[in-house]
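Residue-level structural notes
So you can see what is in the structure, the chains are spelled out below.
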Amino acid sequence: MFTGFSILIPTWNNLPFLKLCVESIRENSSFQHQIIVHINDGSDGTLEWVKEEGLDYTYTPQNVGVSLAMNMMRTKVATDYMYFVNDDMYVLPGWDTALMDEIKSLGHNRFFLSSTMIQPHDKTDVGLCVNYGDTIEGFQKEELLKHYMDIPYPDWQGATRPPNMVHRDIWDMVGGYSIELSPGMYSDPDFTAKLLLIGITHLKGIGKSRVYHFETKTTQRVKKNDGRLQFLLKWGITNSSMRKLITRQGEDWAQKEVPLDLPLLKKKRLLSRFKASFYLLTKGFGIIHTIENQKSWI
């Protein structure tokens, strides 16, 4: 009987980190969660290990990327809430209680929540940059568990990237992840844009829900889609403009919707149209076949 969330973990021949991720969920959670793994390829023994552990899983003999993997795992979801975590993440004590407290305080399912990442190298506009190791061998687990809450961090605007949570009904309403963006570059902001399209504006990062991210950079091993261009052609705005002008990613949580900077947004959309034309002229029109079934919002 699950009392918590369905945790979706796409993985691609990254078994040592997957084992650590699952270990952290089992050791550092307050609720009983369902763990679902999508195994891409699995030639490193991942498939056998997942079976031995009795985890729910989906499987493809080749790497199909994040978008399709997430949609396949949706078929196994047994709880109301879907939590997407990368296989190179380590959830920290209190991660799930902070999310559950937020859900209970809202009383509805029209939200998109993110945990707050701690990373060893990459200083982003959200999260903390503190180095507790970027390899299994160099992982300073005990130090992390002692000090991960030492630095205060407020709740923040603009939940987009994993680790994140959405109600399964909202996931279904927008059709999950967009497979035209396979293997998955820019699939996270695209999902956020689809949420905005149906009026989901409670996009909140939870400062007390913390996850350590090793930054193993699995994406360096895959042939990437041109997600930047696809996002621009699909939504008529760049991802960076959406973050700055609509979701206000990284700003302290305002407890209310932040008004759009409409004049600047209009200017950015005009610039985006120019960028789209420039990309097509310089890269050629071959990109069109990958998005021929999309609606262009330019």
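Look above for the structure.
This text gives an overview of the structure that appears in the document. (Residues numbered from 1 in each chain as written. Predicted model: local features only at pLDDT ≥ 70, side-chain atom pairs only at ≥ 80, totals over all residues. Heavy atoms only, no water.)

Considerations on the side chain of N40
Structurally, N40 is set in strand 2 (residues 34-40). Its relative accessible area of 3% is what places N40 among the buried residues. Only 3.2 Å separates the side chain of N40 from the side chain of H38, close enough to count as a polar contact. Those residues in contact with N40 that sit more than four places away from it in its chain are T11, W12, N13, T60, Q62, N63, V64 and G65. (Helix = DSSP H or I, 4+ residues; strand = E, 2+ residues; numbered from the N terminus. Buried < 20%, exposed > 50% of the residue type's maximum accessible area, 1.4 Å probe, protein only. Polar contact = N/O pair within 3.5 Å; in protein donor to acceptor, adjacent residues only side chain to side chain. Contact = heavy atoms within 4.5 Å.)

Notes on the nonpolar core
Judged by nonpolar contacts, the single largest core of 31 residues is most densely connected at F5, I9, L18, Y83, L99 and M165. For F5, the residues in contact, after removing those within four places along its chain, are H33, Q34, T79, Y81, Y83, W95, D96, L99, M100, I103 and M165. F84, V166, L195 and L203 belong to the second-largest nonpolar core, a separate cluster that totals 18 residues. (Core = buried A, V, L, I, M, F, W, Y, C linked by side-chain atoms within 4.5 Å.)

Details of helix 3 (residues 65-74)
For an α-helix the count is 3.6 residues per turn, leaving residues at separations of three or four pointing the same way. G65, S67, A69, M70, M73 and R74 are the residues of helix 3 that are buried. The inward-facing, buried residues of helix 3 contact strand 1 (6-12), strand 2, strand 3 (56-60), strand 4 (81-84), helix 6 (168-174) and helix 7 (187-197).

Re the side chain of H38
Take H38: it is sitting in strand 2. Side chain to side chain, H38 and T58 meet in a polar contact 2.6 Å long. Residues within four places of H38 in sequence aside, it is in contact with I9, P10, T11, T58, Y59, T60, V64, A69, M72 and M73.

Any functional reading would require information beyond the geometric quantities listed.
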